[in-house]
Amino acid sequence: MMIAVEQCLISVIVPVFNVESQLGRCIDSILVQTYRNFELILIDDGSTDRSPQICDNFTGRDKRVKVIHIPNGGLSKARNLGIKESAGRYLTFVDSDDYLADDYLSFLAALLKKYNTDIAGCQHQPFSDERKELRCIGKAKEYVFSGQEAVADLCYKKHITCSAWGKLYKKELFETIRYPEGRLYEDIGTTYRLYMQSQRVVQSNERKYFYNQRMGSIMNSAFSGKKMDRVYMAEKIYREVGGISRELELAAVSRMLISNMIVLRELPYGSVEFQKEEHMVKNNIKKYRKTVLLDKKAKKLYRLVAALSYLNMRLLQRLGHLYKILSGYIMKEL
C-alpha cells in the first residue's frame, strides 16, 4: 500500500558555514512550513562565527531540529553527512543564506504525489540582501519528464537547473550517489546522475525557493584553477550520457560549450599563470561550437555565442566580462 507523500517524513538538510547574519532567516522559513512532518538537519561545517551557537539555540525551540558540528570539510562533505544521518523517506537541500516560501515542502510533496515521480523541482527567486526581492510573475506551468528527458533539459538549461536545492528527492536515489568532495560545482557533477536514476520527474516554474544572489559572488570572485571544475564536471556528463542517445549527446555538447564559455569569461586577460587553462578552454569551444550552432534544440543565445566565437575569441571573452559586470549592476539597482 502506497503511503501518501504528505504523511511521510522529509529530511531538510542545511550545510552551515559562517552565515550568522542570514542563518536565522533561513531556519525560521523552514520551521514555519505548512508541511509539518519533517526533520531539520543543520550541519555546522566548522563555522568560526556565531553560526554554531545559533544552530544550537534552535534545538531548544523545536524538537525537529538536529545539529551536527564537524570540522570544516566543504559543502559536499556536509551534504553527504546529512544524507547519511537523515531518517526521512524524502530529502531536500537548503543553502543556509537562502530561505523558503512557507508552502515549499507541501508544494513539492503535492507535485510528487500528483505525478507519481521520483523528483519534484521548482524555480528559484533571486534576491539581494542589499536590495528588495525580485518577483517574476507568470502563468504556472508543470513539466513532466522521463529521467533521460530531464537530463537533456538540464544540459540545455531550459527548465531544470543543476542546483541541489529547489528539489524534493526520494531518498533511495542516493543509495549509490554522493556529492564529490573537494570540488567546486559539485551540483553539476551530481544532479544529472539523480535524474538518470529516475523513472519520472516533474518541474514547476513556480518560485518557491529564495536564492541569495550576493554581489561579491557575481563581480569580485577571483579566478583560480579550481574554477576549471566547471569544465571537468561538464566533461563528466558528456562521458557518461553522450553515448546513450543522439539527443543526450547533443544536449551534453551544449552543456560543454556553455561551461567553457563561462570559464573563458572568468579568465583574466593575458594571464601567464592561466595560459594552459585558457588554451584548453578555447580549444574546447572550437571543438563543440559547430555542433551547438547547428543544434536547433540549443538555446538561441548559445547558438549566437557559438557563431560569435568564429569571429574573435578575445572579443567574446571581453563581451563575457561585460555581461558579468552588467548582471551585477542590474541586480544591485533593482
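Residues numbered from 1 in each chain as written. Predicted model: local features only at pLDDT ≥ 70, side-chain atom pairs only at ≥ 80, totals over all residues. Heavy atoms only, no water.

### As for the overall build of the protein chain
Then, number 1: A tally of regular secondary structure across the protein chain gives 12 helices and 9 strands.
Then, number 2: The buried share of the protein chain, reckoned over its 334 residues, is 54%.
Then, number 3: For the protein chain, the exposed surface amounts to about 15900 Å²; the carbon and sulfur share of it is 52%. (Helix = DSSP H or I, 4+ residues; strand = E, 2+ residues; numbered from the N terminus. Buried < 20%, exposed > 50% of the residue type's maximum accessible area, 1.4 Å probe, protein only. Areas by Shrake-Rupley, 256 points an atom, 1.4 Å probe, with all protein chains shown as cover.)

### Observations regarding the packing of helix α10 (residues 275-294) against helix α11 (residues 300-308)
Think of two packed helices as two axes; the pair is described by the angle between the axes and how far apart they sit.
Then, number 1: One can describe the packing of α10 onto α11 by two numbers: an axis separation of 8 Å at closest approach and a directional angle of 135°. Here α10 lies oblique to α11, going by the angle between them. In terms of crossing hand, the pair formed by α10 and α11 is left-handed. Together, Arg-289, Val-292 and Leu-293 of α10 and Tyr-302, Arg-303, Ala-306 and Ala-307 of α11 make up the contact between the two elements.
Then, number 2: Of the residues that constitute the contact of α10 with α11, the class distribution is 5 nonpolar, no polar and 2 charged. (Axes fitted to C-alpha atoms, helices over the stretch in contact; angles between N-to-C directions. Parallel < 35°, antiparallel > 145°, perpendicular 65-115°, else oblique. Left-handed = near helix turned anticlockwise from the far one by under 90°. Contact = heavy atoms within 4.5 Å. Nonpolar A, V, L, I, M, F, W, Y, C, P; charged D, E, K, R; others polar.)

### Brief notes about the pairing of strand β2 (residues 38-45)
Then, number 1: Burial analysis of β2 places 8 of its 8 residues in the buried class, which makes it a mostly covered element.
Then, number 2: A two-sided burial pattern is seen for β2, the buried positions comprising Phe-38, Leu-40, Leu-42 and Asp-44 on one face and Glu-39, Ile-41, Ile-43 and Asp-45 on the other.
Then, number 3: Here 7 bridges tie strand β1 (residues 10-16) to β2, and the two strands are oriented parallel to one another. Within the sheet, the bridge partner assigned to Val-16 lies in β2 and is Asp-44.
Then, number 4: On the question of chirality, the crossover connecting β1 to the parallel β2 by way of helix α1 (residues 20-31) is right-handed. (Pairing = 2+ DSSP bridges. Right-handed = clockwise from strand over helix to strand, strands pointing away.)

### Examining α1
Then, number 1: Along its 12 residues, α1 runs 17 Å from first to last C-alpha, staying within 8% of the 16 Å computed at 1.5 Å per residue.
Then, number 2: Among all positions of α1, only Gln-22, Leu-23, Cys-26, Ile-27, Ser-29, Ile-30 and Leu-31 are buried.
Then, number 3: Those residues of α1 hidden inside the fold are in contact with β1, β2, α2 (51-59), β3 (65-70), β5 (99-100) and β9 (200-212). (Expected span 1.5 Å × (residues − 1).)

### Focus: the packing of aromatic side chains
Then, number 1: Evaluation of the coordinates by the stated rule reveals 11 aromatic pairs.
Then, number 2: Seen from their ring centres, Tyr-169 and Phe-174 are 5.4 Å apart, and the 80° between their planes marks the pair as edge-to-face.
Then, number 3: You can call Tyr-169 buried: its relative accessible area is 0%.
Then, number 4: Following the ring pairs from residue to residue traces out a cluster consisting of Phe-93, Tyr-169, Phe-174 and Tyr-179.
Then, number 5: Here the basic side chain of Arg-79 rests over the ring of Phe-93, its NZ or CZ set 5.8 Å away from the ring centre. (Phe/Tyr/Trp six-rings, centres within 6.5 Å; stacked < 30°, edge-to-face > 60°. Lys NZ or Arg CZ within 6 Å of the ring centre and 35° of its normal.)

### Looking at the nonpolar core
Then, number 1: If you look at the biggest cluster of nonpolar residues, it comprises 56 residues, and the most contacted ones within it are Phe-93, Tyr-169, Phe-174, Tyr-179, Leu-194 and Tyr-195.
Then, number 2: For this core, the secondary-structure elements that each account for two or more residues are β4 (90-93), α5 (147-156), α6 (191-196), α8 (229-241), α9 (246-266), α10, α11 and α12 (313-333).
Then, number 3: For this core, the leading source of residues is α9, giving 12 residues.
Then, number 4: Here Tyr-169 is in contact with Arg-89, Tyr-90, Leu-91, Phe-93, Asp-118, Ile-119, Ser-163, Ala-164, Phe-174, Tyr-179 and Leu-194, once residues within four sequence places are set aside.
Then, number 5: Core analysis: the next-biggest nonpolar cluster, separate from the first, contains 38 residues, Cys-8, Cys-26, Leu-42 and Ile-54 among them. (Core = buried A, V, L, I, M, F, W, Y, C linked by side-chain atoms within 4.5 Å.)

### Side note on empty space enclosed by the protein
Then, number 1: Under the counting rule described, the total for this entry stands at 1 cavity of 30 Å³ or more.
Then, number 2: In terms of lining, the largest cavity is formed by Cys-122, Gln-123, His-124, His-159, Ile-160, Thr-161, Ser-163, Trp-165, Gly-166, Lys-167 and Gln-203.
Then, number 3: Examining the composition of the lining of the largest cavity, we find that 3 residues originate from one element, strand β6 (residues 119-127), more than from any other.
Then, number 4: Grouping the amino acids of the lining of the largest cavity by side-chain chemistry returns 3 nonpolar, 7 polar and 1 charged. (1 Å grid on protein atoms, 1.4 Å probe; cavity = no way out; pocket = protein on both sides within 12 Å on 5 of 7 lines; lining within 4 Å. Points joined across faces, edges and corners; volume = space filled by probe spheres on them.)

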